[in-house]
Amino acid sequence: MELRPGREAIVRVAVATLWSSPEAVRPVDGPALSAGVDIPTWVSGMDTDQQVGDCVLSQLLLGERVLVDELRPDGWARVVAVEQPAAKLDPRGYPGWLPTDQLTPVGPSGDPLVVDATVTALRTAPDGPVALPGVVVGTRLVPAGAARDGWRPVHVPAQATPLWLPDGHLVPVPAAPPSAVDALAVAQRLLDTVYIWGGLSAYGIDCSGLVHLAWRRFGVLLPRDADDQAVATTPLPLGAERPGDLYFFARPGRKIHHIGIVTAVADGPTDRRMLHACYRRRRVLEEALPDDRLATLVGAHRV
């Protein structure tokens, strides 16, 4: 099979970056563009201004499905990320551009397991050489057999034979919805992760990406952007929020621009704490809401 417009494909790299257009790519983005993508090198090569460039829309994880809309002869595909809802942009999912080298036709299907390790690597054999590094929490992989000596074989897109990872790095997809504190616990593992606009991995992440990824670990696909996440969740009276609920922020007359995860029960209107990917400080942190943040707090919601 080959990639074709109108058909689904899947991501074949550990983390693929979704771009606003091929022409928006910068020289610093080279490590994120090939089939041998190197996200840690890409992130470490950016300065603080490049970390928030609007050329990056989102990121997609290994095995994630896309719908191919267009294939260009220069090696780019216009796609819709169907597992990242974005109703205001496209009812089918989040639209953007990917290098075609990072996609492959849809492969084996089956009941997946989900990666629970913050970062892991896929190997050619149990405890063998690394074949695919940088696989992150929330990635879904189809098992290729029973575990052996603490290692599990999995089907991997574009790989002719199964690859292996520690069996303890995989868990079943939950049959029941998770609790809010379960999702918060996943997000807390990303404390101090670098802020990257559009980021959706343990190497770099933005505010809505942190929320999306924490819930995705449990099979709950929230929208990708903060304003859509507000629409998809249930408003609470301020003061009723509990750890794992969400705070939303907007300036007067503007749409929601920021989101954080509640980390403590508030004793009063100025005693609120959250975990969030902070644009200003360029990292994921947990803190009491400063006065300027409290001034833009527009609501608390529950998933």
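Residues numbered from 1 in each chain as written. Predicted model: local features only at pLDDT ≥ 70, side-chain atom pairs only at ≥ 80, totals over all residues. Heavy atoms only, no water.

Colleague: When you look at the nonpolar core in this model, what are you seeing that I'm missing?
Modeller: Nonpolar side chains tend to gather and get buried jointly when the protein is soluble and globular. Counting residues in hydrophobic clusters, the biggest one holds 75 residues, and the most contacted among them are W19, W42, V79, L98, L103, L122 and L210. The leading source of residues in this core is helix α3 (residues 207–216), at 6 residues. Leaving out residues up to four positions away in the same chain, W19 has contacts with V25, D29, A32, L33, W42, C55, V56, L57, W76, G96, W97 and P99. Core analysis: the next-biggest nonpolar cluster, separate from the first, contains 9 residues, F249, M274, L289 and A300 among them. (Core = buried A, V, L, I, M, F, W, Y, C linked by side-chain atoms within 4.5 Å. Buried < 20%, exposed > 50% of the residue type's maximum accessible area, 1.4 Å probe, protein only. Helix = DSSP H or I, 4+ residues; strand = E, 2+ residues; numbered from the N terminus. Contact = heavy atoms within 4.5 Å.)

Colleague: Got a minute to help me understand the pairing of strand β5 (residues 76–81) in this structure?
Modeller: In summary, the side chains of a regular strand alternate between the two faces of the sheet. Burial analysis of β5 places 5 of its 6 residues in the buried class, the great majority of the element. Across 5 bridges, the pairing between strand β4 (residues 65–71) and β5 is antiparallel. What sits directly across from L71, in β5, is A77. Following β4, the chain reverses through 4 residues before pairing antiparallel with β5; G75 in that reversal takes a positive phi of roughly 95 degrees. (Pairing = 2+ DSSP bridges.)

Colleague: Even after reading the chapter, I still don't get the pattern of salt bridges, so can you show me in this structure?
Modeller: Oppositely charged side chains can form a pair if their charged atoms are brought close together. Under the defined criterion, the tally for this structure stands at 25 salt bridges. A salt bridge links R272 to E241, with the shortest nitrogen-to-oxygen separation between them at 2.7 Å. Of this pair, R272 sits in the loop between β19 (258–262) and β20 (273–278) while E241 sits in the loop between β17 (234–236) and β18 (246–249); the two residues are 31 residues apart in sequence, bridging distant segments of the chain. Comparing R272 with E241 shows no difference in burial state: the two are buried. (Salt bridge = Lys/Arg side-chain N within 4 Å of Asp/Glu carboxyl O.)

Colleague: Honestly, unusual backbone geometry in this entry has me stumped. Any pointers?
Modeller: Outside of glycine, negative phi angles account for most residues, and trans bonds account for most peptide bonds. Not every positive phi belongs to a glycine, and D127 is a case in point at roughly 60 degrees. Relative to the assigned elements, D127 resides in the loop between β9 (119–123) and β10 (130–136). Residue classification places D127 among the exposed positions, given a relative accessible area of 60%.

Colleague: Would you explain the pairing of β18 in this entry?
Modeller: Residues of β18 alternate between two faces, with L246 and F248 on one and Y247 and F249 on the opposite face, all of them buried. As paired elements, β18 and β19 share 4 bridges and run antiparallel to each other. Pairing of Y247 across the sheet is with G260, part of β19. Relative to strand β22 (residues 297–302), β18 runs antiparallel, the two sharing 4 bridges. Residue pairing across strands places Y247 opposite A300, the latter belonging to β22.

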